[in-house]
Amino acid sequence: MQQVSFIQMKDGTAEEYAFLDQHEKAYIKALPERVLSLLEQLGDTLDGYTVSRLEHSLQSASRAEADGCDEEMIVAALLHDIGDMYAPANHSEFAAALLRPYVRPELAWVLEKHGEFQMYYWAHHMGKDRNIRDQYKDHPWYQSCVDFCEKYDQNCFDPDYPSKPISHFAPMVRRVLAWPKY
Ligand SMILES: [Fe+2]
Ligand SMILES: [Fe+2]
């Protein structure tokens, strides 16, 4: 079979769906390469910052690695702003949705909430509530998100930091995103 013959899904056969499932598995397995190429595109512009979004991401992952974090955490740091290009209004949720099947629930939660927690560092300058993170004060992973923002996000705009290149992190991305496990 080269391709299915149905033009409406309701007419597909079991054989055709088994055939499509093989293609789907191959497509899922190529996810790390698609994510890495999206990450690369974050290097295009500075948008007024001292570093590109790619450099910010590499710096976040490099600092996490230097601190001895495990691979899931390093990859979460590397990809925490991956949604900036396609979901600028809710980039935290984008990263969480992308990584939820691949990183432990605590990290998915940190990714999902990091935008709100980051407001602690800038929102008061814009007439907004910097303490919006307080609503999660009793959450078991509150401190994890505070720590993530303090150590691997708000401080990752140093153009002189010796960040590792994408090629250094690519094997980690391939391992962590190899197949959904959560
Ligand atoms: Fe972010
Ligand atoms: Fe960030």
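What counts, and at which threshold
Residues numbered from 1 in each chain as written. Chains lettered and ligands numbered in written order. Predicted model: local features only at pLDDT ≥ 70, side-chain atom pairs only at ≥ 80, totals over all residues. Heavy atoms only, no water. Donors = N, O, S within 2.8 Å, 3.2 Å for Na, K, Ca; no water. Tetrahedral: all angles 85-135°; square planar, octahedral: opposite > 155°, others 65-115°. Helix = DSSP H or I, 4+ residues; strand = E, 2+ residues; numbered from the N terminus. Buried < 20%, exposed > 50% of the residue type's maximum accessible area, 1.4 Å probe, protein only. Arc of directions from axis to C-beta. Salt bridge = Lys/Arg side-chain N within 4 Å of Asp/Glu carboxyl O. 1 Å grid on protein atoms, 1.4 Å probe; cavity = no way out; pocket = protein on both sides within 12 Å on 5 of 7 lines; lining within 4 Å. Points joined across faces, edges and corners; volume = space filled by probe spheres on them. Nonpolar A, V, L, I, M, F, W, Y, C, P; charged D, E, K, R; others polar. Core = buried A, V, L, I, M, F, W, Y, C linked by side-chain atoms within 4.5 Å. Phe/Tyr/Trp six-rings, centres within 6.5 Å; stacked < 30°, edge-to-face > 60°.

Caption draft 1: A look at the coordination of the iron ion (ligand 1). Around the iron ion (ligand 1), the protein supplies Asp81 (OD), His91 (NE2) and His114 (NE2) as donor atoms, at distances of 2.0 to 2.2 Å. When the donor residues of the iron ion (ligand 1) are listed from N- to C-terminus, their spacing reads D-x9-H-x22-H.

Caption draft 2: Layout of the coordination of the iron ion (ligand 2). Note on the iron ion (ligand 2): its protein donors are His56 (NE2), His80 (NE2), Asp81 (OD) and Asp153 (OD). The metal-donor distances range over 2.1 to 2.2 Å. One can describe the donor arrangement at the iron ion (ligand 2) as irregular, given that its 4 donor atoms subtend angles of 81 to 175 degrees at the metal. The sequence motif formed by the donor residues of the iron ion (ligand 2) is H-x23-H-D-x71-D. Between the iron ion (ligand 2) and the iron ion (ligand 1) the interatomic distance comes to 3.6 Å, and aspartate 81 is a ligand of both metals. Residue histidine 56 is found in helix α3 (residues 53-66), and its partner aspartate 153 is found in the loop between α7 (142-152) and α8 (166-176); the two are separated by 97 residues along the sequence. Under the relative-accessibility criterion, histidine 56 is labelled buried at 4%. Taking the relative accessible area as the measure of exposure, aspartate 153 reaches 3% and is therefore buried.

Caption draft 3: Structural context of helix α5 (residues 91-99). Regarding α5, the residues found buried are His91, Ser92, Ala95, Ala96, Leu98 and Leu99. Down the axis, α5 shows its buried residues gathered within 165 degrees of arc, on one side only.

Caption draft 4: Focus on the pattern of salt bridges. In the structure shown here, the tally under the stated rule is 10 salt bridges. Lysine 25 is the partner of aspartate 21 in a salt bridge, and the nearest nitrogen-oxygen pair spans 2.7 Å. Placement of the pair is aspartate 21 and lysine 25 together in helix α1 (residues 14-29), with a separation of 4 residues, close to one helical turn. Taking the relative accessible area as the measure of exposure, lysine 25 reaches 34% and is therefore partly exposed.

Caption draft 5: Quick peek at the layout of surface pockets. Its volume calculated, the largest pocket comes out at about 680 Å³. Considering the residues around the largest pocket, the lining is formed by 25 residues, among which Asp81, Asp84, His91, His114 and Gly115 are closest to the centre. Secondary-structure elements contributing two or more residues to the lining of the largest pocket are α3, α5 and α6 (105-122). Top element by residues in the lining of the largest pocket is α6. It accounts for 8 residues. A breakdown of the residues in the lining of the largest pocket according to their chemical character gives 8 nonpolar, 9 polar and 8 charged.

Caption draft 6: Up close: the nonpolar core. Ranked by size, the top nonpolar core spans 44 residues in total, and within it Leu39, Leu78, Leu79, Ile82, Phe117 and Leu177 carry the most contacts. Elements with a contribution of two residues or more to this core: α2 (31-41), α3, α4 (71-78), α5, α6, α7 and α8.

Caption draft 7: Structural view of the packing of aromatic side chains. As enumerated under the stated definition, the model contains 9 aromatic pairs in all. Pairing phenylalanine 117 with tyrosine 142 gives two aromatic rings, centres 5.5 Å apart and planes at 50 degrees, and the pair type is tilted. Here tyrosine 142 lies in helix α7 and phenylalanine 117 lies in helix α6, a separation of 25 residues in the sequence. As far as burial versus exposure is concerned, phenylalanine 117 and tyrosine 142 are alike and both buried.

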